[in-house]
Amino acid sequence: RRASSCRGIEMGDLVSHYVIARIPLSWADRRFQALFLVGTLLPDLIAKFLAKAVDTADGWEANAHALPGFALYAYLASLFFERPLRPRAWLALTMGGYLHIFVDLWKDNLGAGSAFLVFPFSRRAFEFGWYDPEKWIILIPVSAAILLVWEWIAHRRCREHYVWN
């Protein structure tokens, strides 16, 4: 049985999360975009850190891929910002993390699940099983192609408002 996605970080997984996060952000200002993108990567980074730091079989890293758990991590991260910026920082980080968890729902982890939606209230992980994360080498060119097409379309449609310049 393959370990859950919380056990490791693969490059293709992070690239696909980055691409998927970048596409809907063309409406937001740069600060929100940056925090949203960081929030999109945080669940895997936190899970990897917790897996190494706690190093038990109890699954402490599962809370990084849970809705309540990640909201708490986003709140803790938002405390590093000045008080007036904290609510917006928390919102951007949380939205990015929730998008990450939503994307992880589509993975196939051989029934192990990849998103612990309501942890710690339930230790049951969920998955739709639509793609195999072990085939990450395919994700990078596909993600890059999607991103390039999206960037080209967005840049052509609204050059003066294009925030990725």
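Rules used throughout
- Residues numbered from 1 in each chain as written.
- Predicted model: local features only at pLDDT ≥ 70, side-chain atom pairs only at ≥ 80, totals over all residues.
- Heavy atoms only, no water.
- Helix = DSSP H or I, 4+ residues; strand = E, 2+ residues; numbered from the N terminus.
- Contact = heavy atoms within 4.5 Å.
- Areas by Shrake-Rupley, 256 points an atom, 1.4 Å probe, with all protein chains shown as cover.
- Expected span 1.5 Å × (residues − 1).
- Buried < 20%, exposed > 50% of the residue type's maximum accessible area, 1.4 Å probe, protein only.
- 1 Å grid on protein atoms, 1.4 Å probe; cavity = no way out; pocket = protein on both sides within 12 Å on 5 of 7 lines; lining within 4 Å.
- Points joined across faces, edges and corners; volume = space filled by probe spheres on them.
- Nonpolar A, V, L, I, M, F, W, Y, C, P; charged D, E, K, R; others polar.
- Patch = residues over 30% accessible without salt bridge, like charges linked within 9 Å, V, L, I, M, F, W, Y side chains within 5 Å.
- Salt bridge = Lys/Arg side-chain N within 4 Å of Asp/Glu carboxyl O.
- Polar contact = N/O pair within 3.5 Å; in protein donor to acceptor, adjacent residues only side chain to side chain.
- Bend = angle between axes of the 7 residues up to and from the residue.

Visitor: Would you mind going over the overall build of the protein chain with me for this structure?
Guide: A count of helical and extended segments in the protein chain gives five helices and zero strands. Partitioning the contacts of the protein chain with sequence separation of at least 6, the portion at a separation of at least 24 is 63%. Summed over its atoms, the accessible surface of the protein chain is roughly 9,500 Å², and 68% of this surface lies on carbon and sulfur atoms.

Visitor: Quick question: what am I supposed to make of helix 4 (residues 86-104) here?
Guide: An α-helix turns once every 3.6 residues. As a result, residues three or four positions apart point the same way. Between the first and last C-alpha of helix 4 there are 27 Å, a value that for 19 residues agrees with the 27 Å anticipated at 1.5 Å per step. Here helix 4 has its buried residues at Ala89, Ala92, Leu93, Thr94, Gly96, Gly97, Leu99, His100, Ile101, Val103 and Asp104.

Visitor: Could you clarify how one ought to interpret the layout of surface pockets in this entry?
Guide: Left-over empty space is what a probe sized like a water molecule reveals as it rolls over the atoms. A volume near 160 Å³ is recorded for the second largest pocket. Of all the secondary-structure elements, those providing two or more residues to the lining of the second largest pocket are helix 1 (11-22) and helix 5 (136-157). With four residues, the single largest contributor to the lining of the second largest pocket is helix 5. When its residues are assigned to classes, the lining of the second largest pocket shows eight nonpolar, two polar and no charged.

Visitor: Is there a simple way to explain a nonpolar patch on the surface in this structure?
Guide: A surface patch of nonpolar side chains, amounting to about 620 Å² of accessible area, comprises Leu72, Tyr75, Leu76, Leu79, Trp90, Leu91 and Met95. At the level of secondary structure, the elements contributing two or more residues to the nonpolar patch comprise helix 3 (67-78) and helix 4. Here Met95 lies in helix 4. Given a relative accessible area of 33%, Met95 falls into the partly exposed group.

Visitor: Is there a simple way to explain the side chain of Thr40 in this structure?
Guide: Inspection of the secondary structure puts Thr40 in helix 2 (residues 30-54). According to the relative accessible area criterion, Thr40 is buried, its value standing at 1%. Engagement of the side chain of Thr40 in a polar contact is seen with the backbone oxygen of Phe36, the distance being 2.8 Å. If we ignore the near neighbours within four places in the chain, the residues touching Thr40 are His17, Ala21, Gly96, Gly97 and His100.

Visitor: Help me understand helix 2 in this model?
Guide: Counted at 1.5 Å a residue, the expected span for helix 2 with its 25 residues is 36 Å, and the 35 Å between its end C-alpha atoms agrees. Along helix 2, the sharpest change in direction is near 40° and occurs at Leu42; proline Pro43 comes one to four residues later. One or two residues past the end of helix 2 sits Asp55, with phi positive at roughly 50°.

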